[in-house]
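# Report on the structure
Residues per chain, in single letters:
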Amino acid sequence: MSDVQQNLHDAVKVGIVSISDRASSGVYEDKGLPALQDWLTRALKNPIQFEPRLIPDEQAGISAALVELADAGCSLVLTTGGTGPALRDVTPEATLAVADKEMPGFGEQMRQISLAFVPTAILSRQVAVIRGHSLIINLPGQPKAIAETLEGLKNADGTQAVNGIFAAVPYCIDLIGGPYLETHEAVCKAFRPKSAIRAPRGA
């Protein structure tokens, strides 16, 4: 992206957090952070400053990382991992513990999308919250599921069958005082009410 293109769009700081005991201890390679960074880079027109974290499944440590990222000015924080029913899965609890507001629609829609693929999607406990001027969303642990829940489901002709959750993210960030996010529609078409659409810079 050229400097001229970057100046047309607000810069955004994004926290990406992969939560896994084994990946954080080096037992296997983490795939969550690369998947999040790749998808966001393809989806957003904005210049992005990533703040990555790879941490174990410890509730206090997860909460501390989320607070640190929100306080550091991350308008969006995406986590992956730790949202199932296993004893070590505590990401939702850690997220809710630092919330000012809960945004239940995100988790509901993620489970709805995943149910199109596997019946065990009902075991997922992803939540989304607002802390200050930050939107924090728990995503599934698998890279394929991350992309599916963010993008939604498309018909064979490429039209949108089920909206992904990211379609609502830019307007949510508008409402909490963050930067104006713009997406590449081929990846994810963001939705805003007409009154909230900003004229392109330089137009």
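Look up: the structure comes first, before these words.
Each value, and the rule that gives it
Residues numbered from 1 in each chain as written. Predicted model: local features only at pLDDT ≥ 70, side-chain atom pairs only at ≥ 80, totals over all residues. Heavy atoms only, no water. Helix = DSSP H or I, 4+ residues; strand = E, 2+ residues; numbered from the N terminus. Buried < 20%, exposed > 50% of the residue type's maximum accessible area, 1.4 Å probe, protein only. Contact = heavy atoms within 4.5 Å. Core = buried A, V, L, I, M, F, W, Y, C linked by side-chain atoms within 4.5 Å. Axes fitted to C-alpha atoms, helices over the stretch in contact; angles between N-to-C directions. Parallel < 35°, antiparallel > 145°, perpendicular 65-115°, else oblique. Left-handed = near helix turned anticlockwise from the far one by under 90°. Phe/Tyr/Trp six-rings, centres within 6.5 Å; stacked < 30°, edge-to-face > 60°. Lys NZ or Arg CZ within 6 Å of the ring centre and 35° of its normal. 1 Å grid on protein atoms, 1.4 Å probe; cavity = no way out; pocket = protein on both sides within 12 Å on 5 of 7 lines; lining within 4 Å. Points joined across faces, edges and corners; volume = space filled by probe spheres on them. Nonpolar A, V, L, I, M, F, W, Y, C, P; charged D, E, K, R; others polar.

A word on the overall build of the protein chain. From N to C terminus, the protein chain includes 8 helices and 8 strands. On the principal axes, the C-alpha backbone points of the protein chain span a range of 55 × 40 × 30 Å. Across the 203 residues that make up the protein chain, the buried fraction comes to 45%. For the protein chain, contacts bridging at least 24 residues in sequence account for 70% of all contacts bridging at least 6.

Moving on, we come to the nonpolar core. For soluble globular proteins, the rule of thumb is that nonpolar side chains tend to be buried together. One finds L40, L76, L135, I137, L139, F166 and V169 to be the most contacted residues of the largest nonpolar core, which totals 32 residues. Elements with a contribution of two residues or more to this core: strand 1 (12-19), helix 3 (32-43), strand 3 (76-80), helix 6 (104-114), strand 5 (128-131), strand 6 (134-139), helix 7 (143-151) and helix 8 (169-175). Counting residues per element, this core draws most heavily on helix 3, at 6 residues. Leaving out residues up to four positions away in the same chain, V169 has contacts with L76, F106, L135, I137 and L181. Membership of the second largest hydrophobic core comes to 14 residues, among which are V17, I55, L69 and I136.

The geometry of helix 3 relative to helix 7 is characterised by a closest axis approach of 10 Å and an angle of 30° between their N-to-C directions. With respect to helix 7, the element helix 3 is oriented roughly parallel. Crossing geometry of helix 3 relative to helix 7 is assigned as right-handed. Residue-level contacts link A35, L36, W39 and R42 of helix 3 to P143, I146, A147, L150 and E151 of helix 7.

The next subject is the packing of aromatic side chains. Overall, the coordinates contain 1 aromatic pair when judged by the stated rule. Between W39 and F166, the ring centres sit 5.0 Å apart and the planes meet at 70°, which makes this aromatic pair edge-to-face. Taken together, the residues span a long stretch of sequence, with W39 in helix 3 and F166 in the loop between strand 8 (160-163) and helix 8 at a distance of 127 residues. By the burial criterion, W39 is buried, and F166 matches it. It is K144 that lies over the ring of F117; its NZ or CZ is 4.8 Å from the centre. Across from the ring centre of Y180, 3.7 Å away, lies the NZ or CZ of R192, which sits over that ring.

Gaps left between atoms are located by rolling a probe of water-molecule size over the structure's atoms. In this model, the largest pocket occupies a volume close to 800 Å³. Considering the residues around the largest pocket, the lining is formed by 33 residues, among which G81, G82, P140, G141 and Q142 are closest to the centre. Among the elements of the structure, strand 1, helix 2 (21-24) and helix 7 are those that each provide at least two residues to the lining of the largest pocket. Split into classes, the residues belonging to the lining of the largest pocket amount to 10 nonpolar, 13 polar and 10 charged. Considering only enclosed or pocket space, the second largest pocket measures out at about 300 Å³ in volume. In terms of lining residues, the second largest pocket is bounded by 13 residues, among which Y180, E185, A190, R192 and I197 are the most central. Split into classes, the residues belonging to the lining of the second largest pocket amount to 6 nonpolar, 1 polar and 6 charged.

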